[in-house]
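# Observations on the three-dimensional arrangement
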Amino acid sequence: MSLLDILLVLARHKTLIVRTVLVFTLLGVTYALLAPEEFTSEARVVREAQTEGGDLPGGISSGALSGFGISLGGSASGLTPAAYPDVLQSREVRLAVVRDTFRFPDAERPMTFVDYVNRPPGTLSQVMKYTLWLPWTLKGMLGRAISGTPAPAGTTEAGEPLIPSEEEDAALKAVGNMISASVDEETGLMTISVTAGGPQIAAEITESFLNHFSTRVREIRTEKVRERLEFVEERFEEAEQELETTEDRLAQFLERNQNPTTATLQFRRDRLQRQVSFKEQLYSELQSQLTQTRLDLQRRQPVVTVVEEPVPPRSRSAPNRTLMVILAFILGGILGIGAAFVNAFFRNVQEDNEEKEKVDEIREHVIPSRWQKEQPTT
């Protein structure tokens, strides 16, 4: 086929090509105008490096406390910036975010993200659910019927559920599709991006993710130290009470026996004094351990610095209406030209008896015999 043959096919079917391009362009314009707007808010954070020696804020070095029997030791391993995106999108962080209250642009009052996702659908949504989206609706009903009733959510001592409810699970999936994060390996800078249906709500959700992310990182890095601190505090309180009790016993004994002369009284006095001395030494040691653990907890606090605060974006991130119309125009042109060549091919086949015989033979081998129409005999 020469270039002239191609141009001839295009010229003969110019009406079909133009109509196809117009139809797809109109569809592209309609979709671009009806597509919901999306806005992306970003925040950037970085973890500041911590010294190996475990120096304290304010320039106090760990060596300055060695004279008090306090040793901070070396630095402990912790989360690296490469793990931050996983922490950001963890179930704990997302669950805390969906329980926060936001002001959504299409809601009359502030509500939690869980209530917003599970609010009753509108009339149009109901019609679309049982018409255009009917296959997906039936698929969801069948999946719930097979899986059965979900397990009831357990609760912690504070009354918070351990297992998300069905409504919270839907909210977790929805908010998970809105958040994304990336880390610059060279600088350790992490970018948090949230895409939502309005500029203000996008910034609010980003701020919520940022706050709960910082809290979660702090909990992970200080979990063991906090457990040790609770244990030392309990032992310190017990030692303090025991010391007071022992001192009271010694004081009462000395009040009753101001000048003990017998060997028994002197022995009891010496025993009480030894007990007080032992309790004082234990109390002093636990006090030192308590101070050391508190300093260690302070040293292990991860420093996550917000480099760029989330703000409402001024322009939308999607949809790109111009690009949609251009793509629809190009697609319509490709399909129109393809339809023109297909039409020209079948027209040539009908005019050429040899080619027609080949098409009939292919149809006989591909199409079942019961579907083939009987050809009229001449």
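None of these values were measured; they are calculated from a predicted model.

Within the protein chain one finds 12 helices and six strands. Residue burial in the protein chain is summarised as follows: out of 378 residues, 27% are buried. Excluding contacts between residues fewer than 6 apart, the proportion of contacts in the protein chain whose partners are at least 24 apart in sequence is 74%.

On the surface, Glu223, Glu227, Glu230, Glu234, Glu237, Glu240, Glu244, Glu247, Asp248 and Glu280 cluster together to form a negatively charged patch. At nine residues, helix α9 (residues 199-256) tops the list of elements feeding residues into the negative patch. When you line up the elements, Glu247 lands in helix α9. Its relative accessible area of 32% is what places Glu247 among the partly exposed residues.

Taken together, the side chains of Arg256, Arg268, Arg271 and Arg274 define a basic patch exposed on the protein surface. Considering every element that reaches the positive patch, the biggest residue donor is helix α10 (residues 263-299), with three residues. Mapped onto the elements, Arg274 comes out in helix α10.

Our next topic: helix α2 (residues 14-34). Compared with the 30 Å implied by 1.5 Å per residue over 21 residues, the 30 Å span of α2 between its first and last C-alpha is a close match. When α2 is considered as a whole, its buried residues turn out to be Ile17, Thr20, Val21, Thr25, Gly28 and Ala32. For α2, the buried positions fall inside an angular range of 125° around the axis, keeping them on one side. Turned more than 90 degrees off the buried face of α2, the exposed positions are Arg19, Leu22, Leu26, Leu27, Leu33 and Leu34.

Moving on, we get to the environment of Met178. You can see Met178 is positioned in the loop between α8 (166-176) and β4 (179-183). For Met178, a relative accessible area of 17% corresponds to the buried category. Along the backbone, Met178 and Ser193 are 15 residues apart, and their C-alpha atoms lie at a distance of 8.1 Å. Among residues more than four places away in sequence, those in contact with Met178 are Phe113, Ser193, Val194, Thr195, Ala196 and Ile205.

Strand order in this open sheet of four strands is β4-β5-β1-β6, and the pairing throughout is antiparallel. Looking at which strands have only one partner, the edges of the open sheet turn out to be β4 and β6 (304-308). The sheet shows a mean angle of 25° between the axes of neighbouring strands, taken without regard to direction. Pairing between β4 and strand β5 (residues 190-196): five bridges, direction antiparallel. Residue Val183 lies in a different strand from β5, and its bridge partner there is Met190. The strands that α9 touches are β1 (39-47), β4, β5 and β6; relative to β1, the one it contacts most, it runs at about 25°.

Moving on, we get to the confidence of the model for the protein chain. For the protein chain, the mean per-residue pLDDT works out to 76, and 71% of the residues sit at or above 70. Per-element mean pLDDT across the protein chain ranges from 61 in helix α6 (residues 123-129) up to 92 in strand β2 (residues 101-102). Predicted confidence is poor over residues 51-77, with pLDDT under 50, and the contacts of this stretch with residues over four places away or in other chains come to 39 contacts. Long-range and interchain partners of residues 149-155, a stretch whose pLDDT sits below 50, account for 11 contacts in this model, where long-range means more than four residues apart.

If you look at the biggest cluster of nonpolar residues, it comprises 32 residues, and the most contacted ones within it are Val98, Phe104, Phe113, Ile205, Phe209 and Phe213. Where this core is concerned, the elements lending two or more residues are α3 (84-88), α4 (91-98), α5 (113-117), α8, β5 and α9. A per-element tally of this core places α9 first, with seven residues. Look past the residues within four positions of Phe104 in its chain and what remains in contact with it is Met111, Thr112, Phe113, Tyr116 and Ile201.

About the thresholds
- Residues numbered from 1 in each chain as written.
- Predicted model: local features only at pLDDT ≥ 70, side-chain atom pairs only at ≥ 80, totals over all residues.
- Heavy atoms only, no water.
- Helix = DSSP H or I, 4+ residues; strand = E, 2+ residues; numbered from the N terminus.
- Buried < 20%, exposed > 50% of the residue type's maximum accessible area, 1.4 Å probe, protein only.
- Contact = heavy atoms within 4.5 Å.
- Patch = residues over 30% accessible without salt bridge, like charges linked within 9 Å, V, L, I, M, F, W, Y side chains within 5 Å.
- Areas by Shrake-Rupley, 256 points an atom, 1.4 Å probe, with all protein chains shown as cover.
- Salt bridge = Lys/Arg side-chain N within 4 Å of Asp/Glu carboxyl O.
- Lys, Arg positive; Asp, Glu negative; His and termini not counted.
- Charge placed at Lys NZ, Arg CZ, Asp CG, Glu CD.
- Expected span 1.5 Å × (residues − 1).
- Arc of directions from axis to C-beta.
- Pairing = 2+ DSSP bridges.
- Axes fitted to C-alpha atoms, helices over the stretch in contact; angles between N-to-C directions.
- pLDDT = per-residue confidence, 0-100.
- Core = buried A, V, L, I, M, F, W, Y, C linked by side-chain atoms within 4.5 Å.

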